Amino acid sequence: MVSKVIIALDFKNKEETMRFLKYFKEPIFVKVGMELFYSEGKNIIEEIKALNHHIFLDLKLHDIPNTVASALQVLKPLAIDIINVHCAGGYQMMKAAQEVFKDTDTKVIGVSQLTSTSSTMLHDELLIKESMIDTIISYALNAQRAGLAGIVCSPLEAQQVHLACGLDFLCICPGIRYQSNGDDQVRVTTPSMAAQLTCDYIVVGRPITKATDRVGMYQKIKEEFEG
Ligand code: C5P
């Protein structure tokens, strides 16, 4: 079974990506985000799939339902494992996204609140009066009603999302750190804490991609998360 530690391939181009993937001899789960996809396009997906890796395509679509559905139709033939849209796009948008993939194995996931968003930012900038957890649970319930397979949230919210939506509803959790290091991630936890908090998958970027021993760090995180 493929690991539930998803490595964020936040690289500039194909060369950097392939150099990194060469270290890994077995199939892993990777996340391709905007930077890499915008620079290399659909070819990068084919190349990574040719190496037998599983793919989470993290493009965080957020637009009117028709535009999101049309864009996803373009991506559908890539047969991605996991793809995502913003929950803030609303129920109809999520439903339109889910409809595109209804006859496929691709899981559509909703992005709740970014793990770089603090409660202060939620209230003062986004003008959302509810607490972070209430906002995320409401987004999760909307996503579930629209037929999505789960949401992206911080490990700190996973247990309550599972309580509200059930254990089959996936919580995919970035914001994994051994210690807060002052970068852009705000709502963070360690891999073992993420497991205790019932995260289904964790997404880890810089702690692995910037480590001196990348495979060693991946194995350590995998062992701590999967036990
Ligand atoms: O390097 P780091 O471990 O912070 O990488 C986390 C990855 O997860 C990044 O690619 C980021 O875009 C993504 N992500 C996130 N928070 C979300 C959704 C996705 O950090 N809510």
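The structure we're discussing is the one just above.
Just so it is clear, the model here is predicted, and its values are computed rather than measured. (Residues numbered from 1 in each chain as written. Predicted model: local features only at pLDDT ≥ 70, side-chain atom pairs only at ≥ 80, totals over all residues. Heavy atoms only, no water.)

## What about the site of the ligand?
- Lining the immediate environment of the ligand, one finds 17 residues, of which Asp10, Lys31, Thr115, Arg177 and Arg206 sit closest.
- Contacts to the ligand include Lys31, whose side-chain N or O atom sits 2.7 Å from an oxygen atom.
- Between the ligand and the protein, one listed contact pairs an oxygen atom with a side-chain N or O atom of Arg177 at 2.7 Å.
- Taken by itself the ligand offers 470 Å² of open surface, and the protein chains cover 88% of this.
- Of all the elements in the fold, those that place two or more residues in the shell around the ligand are strand E3 (54-61), strand E8 (201-204) and helix H10 (206-209).
- Of the residues contributing to the shell around the ligand, the split by class is seven nonpolar, four polar and six charged. (Near = heavy atom within 4 Å. Polar contact = N/O pair within 3.5 Å; in protein donor to acceptor, adjacent residues only side chain to side chain. Areas by Shrake-Rupley, 256 points an atom, 1.4 Å probe, with all protein chains shown as cover. Helix = DSSP H or I, 4+ residues; strand = E, 2+ residues; numbered from the N terminus. Nonpolar A, V, L, I, M, F, W, Y, C, P; charged D, E, K, R; others polar.)

## Side note on the environment of Asn52
- Mapped onto the secondary structure, Asn52 falls in the loop between helix H3 (42-50) and E3.
- Residue Asn52 is classed as exposed on the basis of its relative accessible area of 53%.
- Separated by 25 residues in sequence, Asn52 and Pro27 have C-alpha atoms that sit 5.6 Å apart. (Buried < 20%, exposed > 50% of the residue type's maximum accessible area, 1.4 Å probe, protein only.)

## Focus on the pattern of salt bridges
- Tallied over the entire structure, the rule returns seven salt bridges.
- Measuring nitrogen to oxygen at the nearest pair gives 3.4 Å for the salt bridge that ties Lys76 to Asp103. Within this pair, whereas Lys76 is found in the loop between helix H4 (65-75) and strand E4 (82-86), its partner Asp103 is found in the loop between helix H5 (91-100) and strand E5 (107-111), the two being separated by 27 residues in sequence.
- For Asp103, a relative accessible area of 60% translates into the label exposed.
- As a salt-bridge pair, Lys220 and Glu224 come within 3.6 Å of each other at their nearest N and O atoms. With Lys220 and Glu224 both in helix H11 (residues 214-226), this residue pair falls four residues apart, about one helical turn.
- Glu224 gets classed as partly exposed once you look at its relative accessible area, which sits at 27%.
- A single salt-bridge network, built from bridges that share partners, covers Lys31, Asp58 and Lys60. (Salt bridge = Lys/Arg side-chain N within 4 Å of Asp/Glu carboxyl O.)

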